[in-house]
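Report on the structure
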Amino acid sequence: MKFAPFFQHYKQAIGSLPSGRSLGKEDLLTDVFLMATEGQLEMFYAPHNEWLNRSARIVIIGITPGWTQMKTAFQAARTALAEGLPDEEVCRRAKQAAGFAGSMRSHLQDMLDRLGLPEYLQISSSSALFGESRHLHTISLLRYPVFAEKRNYTGVHPDIWSSPLLRQQALSVCEELEELREALMIPLGRAVERVLRRFAEQGRIREEHVLWGFPHPSGANGHRHRQFAENEVPMRRRLSVFFEGPEAGMT
């Protein structure tokens, strides 16, 4: 496991956040945690994407942490700091709590269960991935929360490659994905998939280790059920080949 100490810069500010209540945008979307701006884009710090699980067999890749994940990560980190835990454990707990937090996680778990992933990993259900299981690593192409015109950035406006800020962030995360190239990568949605295809073309990740066609699990994606149904068979085949070998995909 690898821990990035960027957390140190914000540790005191996190420890000083109000306790005993849910954190709001007035607490977190402030100059204290603002990392960079570019036009209408704003990127803020969050403490849950600085911990790398090198032993992961599954890597789930989102576009960027949204507000719900950001808030959840800060609240988990605030609690862990109050308990006096080491920095690495603080970030691990923040990551475990915030990884695709909210209804998105339940939608994600449901789709992974329907594909039969738990059977390959010998776990009871995909919900175990977000518990104490060591199989999972979650990450976003844009490691820190990005907001476009004060709303969650969705990967469309602007396009990642047209923005120097977003492009640099994506290329930075690609270095992390290269360390996990033997794991199964699950890009959530078409915006993430487009970026991973470019990385695969460049030989930075393994094309055959990507579960192409997985829908974004957000409730705002009204097409996710149709997209899942359209891609279910090839995704099942890809899982079979990944875990059982090329011969399994011929049956």
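Please refer to the structure placed before this passage.
Basis of the calculations
- Residues numbered from 1 in each chain as written.
- Predicted model: local features only at pLDDT ≥ 70, side-chain atom pairs only at ≥ 80, totals over all residues.
- Heavy atoms only, no water.
- Pairing = 2+ DSSP bridges.
- Helix = DSSP H or I, 4+ residues; strand = E, 2+ residues; numbered from the N terminus.
- Axes fitted to C-alpha atoms, helices over the stretch in contact; angles between N-to-C directions.
- Contact = heavy atoms within 4.5 Å.
- Salt bridge = Lys/Arg side-chain N within 4 Å of Asp/Glu carboxyl O.
- Buried < 20%, exposed > 50% of the residue type's maximum accessible area, 1.4 Å probe, protein only.

**A closer look at the sheet that holds strand E6 (residues 136–140)**
The three strands are arranged E6-E5-E9 in an open sheet whose pairing can be described as parallel. Bordering the open sheet on either side are E6 and strand E9 (184–187), each of which pairs with just one other strand. Geometrically, the sheet is characterised by an average inter-axis angle of 20 degrees between neighbouring strands, direction not taken into account. Note: strand E5 (residues 58–62) against E9, four bridges, orientation parallel. Residue pairing in the sheet places isoleucine 58 in a bridge with leucine 184 of E9. Here helix H7 (residues 164–179) sits on the sheet in contact with E5, E6 and E9, set at roughly 165 degrees to E6.

**Some details on the pattern of salt bridges**
Going through the model one piece at a time under the given rule, you end up with 16 salt bridges. Here glutamate 89 makes a salt bridge to arginine 92, at a shortest N to O gap of 3.0 Å. In this pair, glutamate 89 and arginine 92 both sit in helix H4 (residues 87–98), three residues apart, roughly one turn of the helix. What makes glutamate 89 partly exposed here is its relative accessible area of 23%. As a salt-bridge pair, arginine 93 and glutamate 89 come within 3.1 Å of each other at their nearest N and O atoms. Taken together, the residues arginine 93 and glutamate 89, both in helix H4 and four residues apart, mark about one turn of the helix. The structure contains a network of salt bridges with shared partners spanning Glu83, Glu89, Arg92 and Arg93.

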